[in-house]
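Observations on the three-dimensional arrangement
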Amino acid sequence: MSPWFGFLKKEWTESVKSYKLLLTILIFSVIGILNPFTAKITPALMENFMPEGTVLNLPEPTALDSWLQFYKNFPQMGLFIFILLFSTMMSKELEKGTLVILLTKGLRRSTVITAKFAMGFAYWTLAFLLTFIITYSYTAFYWDQTIVQHVFLAAGCVYVFGLLLFTITLWGNTYFASAYGGLLVTVVAVITLFIIAIFPDSATWNPLQLLTGPPQMLTGDVVPKEMLTPFLVAMGSLLVFLLGTILHFNKKRL
Amino acid sequence: MVMSINNVTKKFGGKEVLKNVSLTIPEHSIFGFVGANGAGKTTLMKCMLGLLPVTSGTIIIAGETVKFGQTKSNAHIGYLPDVPEFYPYYTAREYLELCAVITNMQKSELKQRIEELLELVGLSQTKSPIRTYSRGMKQRLGIAQALLNRPKLLICDEPTSALDPVGRAQILSILQAAKSETTVFFSTHILSDAEQICDRVAMLHEGTIIFEDELAALQQQVEHQYVFTFTISAEQALSQLRELEHHMYIEEDTLIVQLSSESERLLFMRELTDHNLVIQSMHPHTRLLEQVVLEVLK
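Quick caveat: nothing in here was measured; it's all calculated off a predicted structure.

Examining the nonpolar core
Within soluble globular proteins, side chains that are nonpolar generally end up buried alongside one another. Counting residues in each nonpolar core, the largest one holds 143 residues, and the members touching the most others are Met48(B) and Phe185(B). The element contributing the most residues to this core is helix H7 (residues 151–176) of chain A, with 14 residues. For this core, the domains that each give at least three residues are domain 1 (3–218) and domain 2 (221–297) of chain B. Discounting residues that sit within four places of it in the chain, Phe185(B) has contacts with Leu23(B), Ile25(B), Phe31(B), Phe33(B), Met45(B), Met48(B), Leu153(B), Leu154(B), Ile155(B) and Cys156(B).

In structure tokens form, the structure reads like this:
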């Protein structure tokens, strides 16, 4: 086993022992079930809560309602929980000093960052696939999905945005070497993207489009082509932050 | 020379923590690095490991110049931090396996080496995870991981400071045993620890090396002097022995006598019996490291 895989194995063991695997599977399965479920029962709920005699003309829920729930729950609750779970990957080690022994044994500093990034990447993929597959299966079971467009592409946009946010968190976490430092950087980054989004012109390139665009993609109001520039900007920023993390850590005082 | 430090200066802001420090460490020795808390010992060690940049000067370990950050010289080093931190969910064996993988150790060698080291530090029977370990056990695991890849230089930062007497004795004997395969460089502020196992000693005081020599040379015997204690006080004994011609004086309630030959020593003993003086102890007059240090600091 090479040092890189050795360290990755350590990351894996750590995530299992600290219940991150269990939490990820549970939380993202629940979100997956919640999406079609909420869409299905909302009309029934509304009828129950209304005073007797009120006539409500709610339309029957469709596959679109289920997917709109997905875009409400997954990027908000889901991404938020994911970032919280993985926001201390570096700071925990830097605060405790557990890396000192391994680094003074000749472990490459870049190995630490790339292995941690790979582990976060794998977990985010797992989280995304769980929620997506469960939502997709239930929606297909209850409704006709032909009315929604670009199901896979739209979900892929949110996935990429989550990856970018995780990389920013990793950078902040390494730079400030504290749990809150990483979160603060992430919050500031998101706020900045929202401020940029105030200017309508920015919609053509702002990575935030990857988060706000997908629901409109389902109805065909946004065409996939419009997502290309935001996607490229997101991937570019992701690489810059990842490289920045590696370069910073290479010269970090421990 | 396994390591040479050349004119190293380290500043934190405007504060000079290390001032032009030079030091060389010969192979297969135990090098004691003494100094008070805050003298700069840990800072120098961190510079040796590339964990901190030096302001000026160079450090060469096993022919490789130490660079700040990613440095190749670390492949020759085993390091035990003052408070070693491990991953609490691993057992000692699992942790050493991780370390072995990181140092690219051959699979065929790995198992046997880990067994050997666990035996050496007395952790081979422990099956519980590291989170349940006492401080002494962590320190011993720390030495095991430091020795794992047969480093040319073993650097230990205050390995005995936080331990009880039994733990301290264990660590010292492990370090002594390690001397056969590596060079040991350890810092301490406990002088008696350095005295017990070191070949050479250097002292760091306010950022400069104030002495560096072989331990034996430092605490060389004060020639032909012997220290006596009696059942009565040294002053009483001295007053009884006043008429003798030996050079005698009192130091800390012991009588120190100059006895240049064996016959002179025999004669002096006879005198003592004649004066009905009962000896409690007698030993050659040597200087303890502590006295050397105190003299230098005066």
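Considerations on the packing of aromatic side chains
Inspection of every chain in the model, using the stated rule, returns 37 aromatic pairs over all chains. For the cation-ring pair, Lys20(A) lies above Phe86(A), with the distance from its terminal atom to the ring centre recorded as 5.8 Å.

Regarding helix H10 (residues 289–297) of chain B
Residue and element names in this part refer to chain B. If you check which residues of H10 are buried, you get Leu289, Val292 and Val293. In an axial view of H10, the angular spread of the buried residues amounts to 95 degrees, which keeps them on one side of the axis. Residues of H10 that are buried sit in contact with helix H6 (191–197), strand S9 (200–205), strand S10 (208–214) and helix H7 (215–218).

Focus: the domain arrangement of chain B
Residues and elements named next belong to chain B. Along its sequence, chain B is carved into domain 1 (3–218) and domain 2 (221–297). The C-alpha-based centres of domain 1 and domain 2 are spaced at 41 Å. Across the contact, ten residues belong to domain 1 and eight residues belong to domain 2. Interface of domain 1 and domain 2: buried area, both sides summed, is about 790 Å²; carbon and sulfur atoms make up 80% of it.

Definitions and limits used
- Residues numbered from 1 in each chain as written.
- Chains lettered and ligands numbered in written order.
- Predicted model: local features only at pLDDT ≥ 70, side-chain atom pairs only at ≥ 80, totals over all residues.
- Heavy atoms only, no water.
- Core = buried A, V, L, I, M, F, W, Y, C linked by side-chain atoms within 4.5 Å.
- Buried < 20%, exposed > 50% of the residue type's maximum accessible area, 1.4 Å probe, protein only.
- Helix = DSSP H or I, 4+ residues; strand = E, 2+ residues; numbered from the N terminus.
- Domains from an automatic or database assignment.
- Contact = heavy atoms within 4.5 Å.
- Phe/Tyr/Trp six-rings, centres within 6.5 Å; stacked < 30°, edge-to-face > 60°.
- Lys NZ or Arg CZ within 6 Å of the ring centre and 35° of its normal.
- Arc of directions from axis to C-beta.
- Buried area = accessible area lost by both parts, 1.4 Å probe.

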